[in-house]
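Analysis of the macromolecular model
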Amino acid sequence: MGKQQKGTQMDAQQKTSLHDKDVSVGQPQADATAKTDAAYEVTRLAALMARLRDPNGGCPWDLEQTNETIAPYAIEEAYEVLDAITRKDWQAFPDELGDLLLQVVYQTQLAQEAGQFDLATVARMVTEKMIRRHPHVTFGPDIVGETADNTADALGVSATAVVLGQWEKLKEKERQNALGAGKRAGALAGVPPQLPALLRASKIAGRAARVGFDWPDVEGVVAKVHEEMNEFAVEMAAGDKARMQDELGDVLFSLASLARRLKLDPEACLRQACDKFTRRFEAVEAHLASEGLSMQDQPVEKLDDIWKQVKKEQG
């Protein structure tokens, strides 16, 4: 069964569940009831996934999938969650979060079939990691057990120290522990190559900066952007595409570094630019359509004039 077909079937089941419980988005519930409902629904979702993967009467499409074939859907669903947040579409938001959760359950089911780990392991590992990374927070026995003591005082860590960098120090310690004794994790270890390129560039530059590999002021970063632009212009004039690609990559990396230095998200900056271009382009199309004209038939000078007019109107 394809992704869309599966989504329709599962959405219907999820909606039925919500209607049966008469739960609406944002409606408060008693803690005990909410915990019981959450545990039941997650267990139900895991059971559904196991059934879809059951060789005896399961879904043929799901049975064909592997970790690799399913992996791209996680990225797609994460961006759909981001889109719902950006649009403040709180009706679609829980549905999109559910699609993302499904990807976690799906990958976990595949791992369980391979004898690697199960959903409980995934939940336990992330819970224990968050406890380690929040030494300034005291958790109750429902989280850390009856005898555990994880208070900030017990660990000798002040809340201020945590706020000012303890999180990253703890992450670095975890990376080092994962390597084992006698090995040293590099500053860039753990930055996934599969990240969107602008986000990866920002993270790499941030990691390098934490160990002192950075310009002393933002003016130095701006100068680097201009330097890379000049180098790209040289290769563009020479017409060497391979060198142009290399130098244009340096330009983009330097811009991502500049965004990081200014505490801006380069992905968010580019998304905003894409949204702005889309609004203005569609306004140009609408303007031409109102005159019975098509964009393809207009000279570039006319299109530029309309663009400037739209830009002035939209600000």
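Keep in mind the model is a prediction, meaning the values are calculated, not measured.

Our next topic: the pattern of salt bridges. If the charged atoms of two oppositely charged side chains come close together, the side chains can form a pair. Counted under the stated rule, the structure contains 13 salt bridges. A salt bridge links Glu113 to Arg53, with the shortest nitrogen-to-oxygen separation between them at 2.6 Å. On the criterion of sequence distance, the pair formed by Glu113 in helix 5 (residues 93–113) and Arg53 in the loop between helix 2 (31–52) and helix 3 (60–64) is long-range, its members being 60 residues apart. With relative accessibility at 38%, the residue Glu113 sits in the partly exposed group. Overlapping salt bridges bring together Glu235, Arg243, Asp246 and Glu247 as one network.

A few words on the nonpolar core. With eleven residues, the main nonpolar core is built from Leu45, Leu48, Met49, Leu52, Cys59, Trp61, Ile70, Leu102, Val105, Tyr106 and Leu110. When contributions to this core are tallied by element, the ones reaching two or more residues are helix 2 and helix 5. By size, the runner-up hydrophobic cluster in this structure holds five residues, among which are Val284, Leu288, Leu303 and Val310.

Attention now goes to a nonpolar patch on the surface. Where nonpolar side chains cluster on the molecular surface, the patch consists of Val42, Leu101 and Val104 and spans about 190 Å² of accessible area. Mapped onto the elements of the fold, Val42 is located in helix 2. The exposure class of Val42 is partly exposed, given its relative accessible area of 34%.

Right, let's get into the environment of Ala259. By the element assignment, Ala259 lies in helix 12 (residues 241–261). For Ala259, a relative accessible area of 9% translates into the label buried. Placed 38 residues apart in sequence, Ala259 and Val221 show a C-alpha to C-alpha distance of 9.6 Å. In this structure, Ala259 is in contact with Leu264 and Pro266, ignoring residues within four places of it in sequence.

Further remarks concern helix 5. A turn of α-helix holds 3.6 residues, and therefore any two residues three or four places apart point the same way. Over its 21 residues, helix 5 runs 31 Å from end to end, which matches the ideal 30 Å to within 8%, given 1.5 Å per residue. Those residues of helix 5 not exposed but buried are Glu96, Gly98, Asp99, Leu102, Gln103, Val105, Tyr106, Thr108, Gln109, Leu110 and Ala111. Just past helix 5, the residue Gly115 takes up positive phi, approximately 75°.

What counts, and where the lines are drawn
Residues numbered from 1 in each chain as written. Predicted model: local features only at pLDDT ≥ 70, side-chain atom pairs only at ≥ 80, totals over all residues. Heavy atoms only, no water. Salt bridge = Lys/Arg side-chain N within 4 Å of Asp/Glu carboxyl O. Helix = DSSP H or I, 4+ residues; strand = E, 2+ residues; numbered from the N terminus. Buried < 20%, exposed > 50% of the residue type's maximum accessible area, 1.4 Å probe, protein only. Core = buried A, V, L, I, M, F, W, Y, C linked by side-chain atoms within 4.5 Å. Patch = residues over 30% accessible without salt bridge, like charges linked within 9 Å, V, L, I, M, F, W, Y side chains within 5 Å. Areas by Shrake-Rupley, 256 points an atom, 1.4 Å probe, with all protein chains shown as cover. Contact = heavy atoms within 4.5 Å. Expected span 1.5 Å × (residues − 1).

The analysis is restricted to geometry; functional conclusions fall outside its scope.
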